[in-house]
Amino acid sequence: MADSDNRMTYDGYLRIQDLLSLQDGPSGYLPKPCHNEMHFIVVHQAFELWFKVILREFDEIHKKMSQDVLPEQTIPELVHHFSRCTSVMRLMAGQWDVMQTLSPQEFLSFRHRLGTSSGFESWQLRAIELRLGLKSHDRVQGMDPMAHFEKLMNSGSLDKKIYDELVIIQNSPSIADLLRQWLARTPVDGKTPTVESMRKFTQKHLQSMQEQADSAIKHMVAVGMGDEKSLRERFEKGIDAARDFLEPSGNVDLARAGLLFIESYKDLPLLSWPRRLLDEIVAFEQSMLHFRSHHARMVERMIGRRIGTGGSSGVDYLDETVKYRVFEDLWKVRTILIRADALPELSKPEYYDFADQT
Ligand code: HEM
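### Focus: the overall build of the chain
Right, on to step 1. Broken down by element type, the chain carries 15 helices and 0 strands.
Right, on to step 2. In terms of its C-alpha atoms, the chain occupies a principal-axis envelope of roughly 75 × 65 × 40 Å.
Right, on to step 3. Looking at the 358 residues of the chain, the share that counts as buried comes to 20%.
Right, on to step 4. Here the contacts in the chain between residues at least 6 apart in sequence split such that 73% fall between residues at least 24 apart.

Okay, structure coming up:
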């Protein structure tokens, strides 16, 4: 029965009034934010809402990827989750334009009110990084957000619940760990991978790389682009690096071999979704790097080279974070790919066809 008192409204469903009551700064904050400071607050809050969306998608990805066996139909779902995250990250990378409608002087007029608060304390961005698999020891300039959060929590400035949640995420397998486990299970030549079968595959690939290098050297010498000795040294370095990548300390790395297999034989029907997944993950990481570097440019324009309110070196620090690569192998494998018609032949290519429905 229709009940006008219980009618769902736009405001009620989205809790717009609650949302719009959150832009006045902390309680008792006086004077109230002027229009420029409110703009600053809204832009930050908009970013944090988008971080929330990404984290929710990451929870789904994490849950699905934690299964011992990843059903085929889950892979398009993962692609879909990542692609939403990438769209959001791209949108955020473009959102800095709105921030920089604030002039440096306008920002300085209220910057002192921020105290030592800083985006460095965005625990949602930290949750995103931890969920992906960014490790503390890979962080730049000795910055350690988790140690900082612990201090904040001990002094009562951060909810213990939030800190505990971050620790749980930090201690669970990351998306990068789960991806490696999945890649290590990639069947090559239609068989469950073993150290021997994967070593055979990587050896054949390295052999093809060598053949490619030999013919490239021959051609370059013939057209006068260098002498054989120095060209060979350069190409050999590349092949040695490929060997170290695939067989670190002489033992085949199953995840990297599986990754190389998917990237190399990407046109086989059963590999098309796995390859799209890898591509989408790279697209996401790329969008995150754009987000970081656009933030750094906006900050440079706004405050120049002064130190940040969070105490970091400011733009120098932010520029260094653009070096982060959580999915390092996905980027590195590109260096060792060879063209499709030079790839070693597979013994059972039909294993990777779609099932015959007739
Ligand atoms: C006037 C605008 C802004 C300025 C001048 C600025 C400046 C800075 C600086 C200097 C840092 C380095 C840490 C520090 O020492 O404080 C930083 C970090 C950060 N900022 Fe901003 N920021 C601005 C706007 C924003 C906005 C709108 C967001 C959106 C949430 C944001 C998110 C972050 C994040 C997540 C970090 C940590 C980066 C990392 O450690 O990897 N910032 N910001």
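There's plenty left to go through after this.
### Describing the site of the ligand
Right, on to step 1. Taken together, 23 residues lie around the ligand, and Ser118, Gly119, Gly308, Gly310 and Ser312 are the ones closest in.
Right, on to step 2. Elements that contribute at least two residues to the shell around the ligand include exactly α3 (35-65), α13 (272-303) and α14 (315-320).
Right, on to step 3. Broken down by element, the shell around the ligand gets its largest block of residues, 4 residues, from α13.
Right, on to step 4. Classifying every residue of the shell around the ligand by side-chain character gives 11 nonpolar, 12 polar and no charged.

### Things to note about unusual backbone geometry
Right, on to step 1. Here the bond from Leu30 into Pro31 is cis, since omega is -10 degrees, no more than 30 degrees from zero.
Right, on to step 2. Note that Pro31 resides in the loop between α2 (16-20) and α3.
Right, on to step 3. Here Gln141, not a glycine, exhibits a phi torsion of approximately 50 degrees, which is positive.
Right, on to step 4. Within the secondary structure, Gln141 is located in the loop between α6 (123-132) and α7 (145-154).
Right, on to step 5. Phi is positive for Ser249, which is not a glycine, with a value near 50 degrees.
Right, on to step 6. As for its placement among the helices and strands, Ser249 is situated in the loop between α11 (228-246) and α12 (254-264).

### Brief notes about the environment of Leu22
Right, on to step 1. Within the secondary structure, Leu22 sits in the loop between α2 and α3.
Right, on to step 2. On the basis of neighbour count, Leu22 is assigned to the exposed category, with 10 C-beta atoms found within 10 Å.
Right, on to step 3. Counting along the chain gives 23 residues from Leu22 to Gln45, while the straight-line C-alpha distance between them is 9.2 Å.

Basis of the calculations
- Residues numbered from 1 in each chain as written.
- Predicted model: local features only at pLDDT ≥ 70, side-chain atom pairs only at ≥ 80, totals over all residues.
- Helix = DSSP H or I, 4+ residues; strand = E, 2+ residues; numbered from the N terminus.
- Buried ≥ 20, exposed ≤ 12 C-beta atoms within 10 Å, placed from the backbone.
- Contact = placed C-beta atoms within 7 Å.
- Near = placed C-beta within 6 Å.
- Nonpolar A, V, L, I, M, F, W, Y, C, P; charged D, E, K, R; others polar.

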